[in-house]
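# Chain and residue survey
The residues making up each chain are set out below.
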Amino acid sequence: MGHDAPMNLPGLDMTISPSPDLSPYRAILTVDLDALVANYARSRELAGGAEVSGVVKADAYGHGLAQVGRALASAGCKTFFVADVTEGATLRAALPGVVIYTSSGLTPGAGAEMRTHDLRPCLGNLAEVEAWRREAEHAGSALPAALHFDTGLNRLGFDDREASRVLADRSLLAGIDVALVMSHLACADEPGHALNARQLERFKPIRAAFPSARASLANTAGILLGPDYHFDLVRPGYGLYGGAPVEGQPNPFRLVAKAEARVLHIREVAAGESSGYGATWTADRSQRLAVLSVGYADGYFRALASANGAGRVYIGGHYAPVAGRVSMDLLTVDVSDIPEGRVRRGDLAELVGPHVSLDEVANRAGTIGYEVLTSLGERYKRLYTGAVATAES
Ligand SMILES: *Cc1c(COP(=O)(O)O)cnc(C)c1O
């Protein structure tokens, strides 16, 4: 892919690019928006009749906030969750008409800007409630928000003491239009964990105390816990991007992102010679190495070079293991066992994608797929494919 040069057609005053010329880019992230939209549709099936929102914090888990937001909106998504006001402002510019919540709440001092961009905070303590009430006074009208109750994660959200106060004294909420009551599960990816049922039982009376608000408890893995956990609105993130919600169980979602890096150089290394910082890798015979154009600054973790389970890339129809330490911008892989000529300078190697799964990379790096995706970062040339992407351009 990507090698097709623009073609000038004789007699026609136009240039056709059969596919974009990717040759200038050293690292490419291909985002399949059709797969994203399919995962959204799958989430809808799994969530029964509940509304499916889109969680697009952290630049849509590294996939591009505006592009992902527009694709989800075209698939019918009307409610979005970002982390904070900065992300909210970016999404608002792309999507004027949707509902946007900030799941990290109301940052001190952010109230006015929240209002400017028509964002709704997930209020999780009385200080935030008080700040949003003051914003409502400035606005001269009630302002919508979610109330976030902690039911066992012990992170954000009203603790038991503040929850009792809010439930007992509704005047605390004067000027706030409670559009949503929510909580967040700690262990949804472990379906048998006792905390799931405990959080559910704690959430029920809270939900009942706000009959005119909508209610939300489930992230991606929470959707799979069954209808009891769905309430009015579910909040998938990871699943929309193709992540497997529960380790060891079949993944109902499709892969969305593929990360590739270019071969910059191929070299022979004589037996006994080392490669890379620290000279941790040594050739045991005459070996061939391919130097790829990504490193830890591109989210290719140094941990993927550890001796006890090194990472591998897919290149020229074969796998090649990481050889030696990962550098900031460079990665060296051993292509000695790949037939000569199959790997050439300028080729692309798959780092994460259909042949090297997100779970594999995460496991070998000692982390989770969420961290792999959100670490890929902005050094990749992002390429959007699929009917949604085509319809936009
Ligand atoms: C990130 C987040 C989600 C999405 O979780 P996934 O496991 O990615 O589906 C849902 N709700 C809240 C409050 C979050 O912070």
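Everything numeric here is computed off the predicted structure, so don't read it as measured data.

Every residue lining the ligand is accounted for by Val-55, Lys-57, Tyr-61, Met-182, His-184, Asn-219, Thr-220, Arg-235, Pro-236, Gly-237, Tyr-238 and Tyr-370. At 2.5 Å from an oxygen atom of the ligand is found a side-chain nitrogen or oxygen belonging to Tyr-61. Here the ligand, which alone exposes 390 Å², has 93% of that area covered by the protein. Of the residues that constitute the shell around the ligand, the class distribution is six nonpolar, four polar and two charged.

For helix H6 (residues 126–139), which comprises 14 residues, the first-to-last C-alpha distance of 20 Å matches the rise-based estimate of 20 Å (1.5 Å per residue) to within 8%. Listed in full, the buried residues belonging to H6 are Leu-126, Glu-128, Val-129, Trp-132, Glu-135 and Ala-136. For H6, the secondary structure elements touched by its buried residues are helix H5 (111–116), strand E8 (120–123), strand E9 (143–148), helix H7 (160–168) and strand E10 (176–182). For H6, the N-terminal cap is Asn-125; the gap from its side-chain oxygen to the backbone nitrogen of Ala-127 is 3.1 Å.

Okay, the packing of aromatic side chains next. By the definition in use, this model includes eight aromatic pairs. Ring geometry for Phe-81 and Tyr-101: centres 5.2 Å apart, planes at 20°, overall stacked. Here Tyr-101 lies in strand E7 (residues 99–102) and Phe-81 lies in strand E6 (residues 79–82), a separation of 20 residues in the sequence. Taken as a pair, Phe-81 and Tyr-101 share a single burial class, namely buried. Seen in terms of ring centroids, Tyr-238 and Tyr-370 are 3.9 Å apart; in terms of plane orientation they differ by 15°. Their pairing is stacked. Linking Tyr-238 in the loop between strand E12 (233–234) and strand E13 (257–269) with Tyr-370 in helix H11 (residues 369–375), this pair joins segments that are 132 residues apart in sequence. Under the relative-accessibility criterion, Tyr-238 is labelled buried at 5%. Following the ring pairs from residue to residue traces out a cluster consisting of Tyr-61, Tyr-238, Tyr-241 and Tyr-370. Cation over ring: Arg-170 sits above Phe-210, and NZ or CZ is 4.3 Å from the ring centre.

Parameters at a glance
Residues numbered from 1 in each chain as written. Predicted model: local features only at pLDDT ≥ 70, side-chain atom pairs only at ≥ 80, totals over all residues. Heavy atoms only, no water. Near = heavy atom within 4 Å. Polar contact = N/O pair within 3.5 Å; in protein donor to acceptor, adjacent residues only side chain to side chain. Areas by Shrake-Rupley, 256 points an atom, 1.4 Å probe, with all protein chains shown as cover. Nonpolar A, V, L, I, M, F, W, Y, C, P; charged D, E, K, R; others polar. Helix = DSSP H or I, 4+ residues; strand = E, 2+ residues; numbered from the N terminus. Expected span 1.5 Å × (residues − 1). Buried < 20%, exposed > 50% of the residue type's maximum accessible area, 1.4 Å probe, protein only. Contact = heavy atoms within 4.5 Å. Phe/Tyr/Trp six-rings, centres within 6.5 Å; stacked < 30°, edge-to-face > 60°. Lys NZ or Arg CZ within 6 Å of the ring centre and 35° of its normal.

These figures come from the coordinates and say nothing about function on their own.
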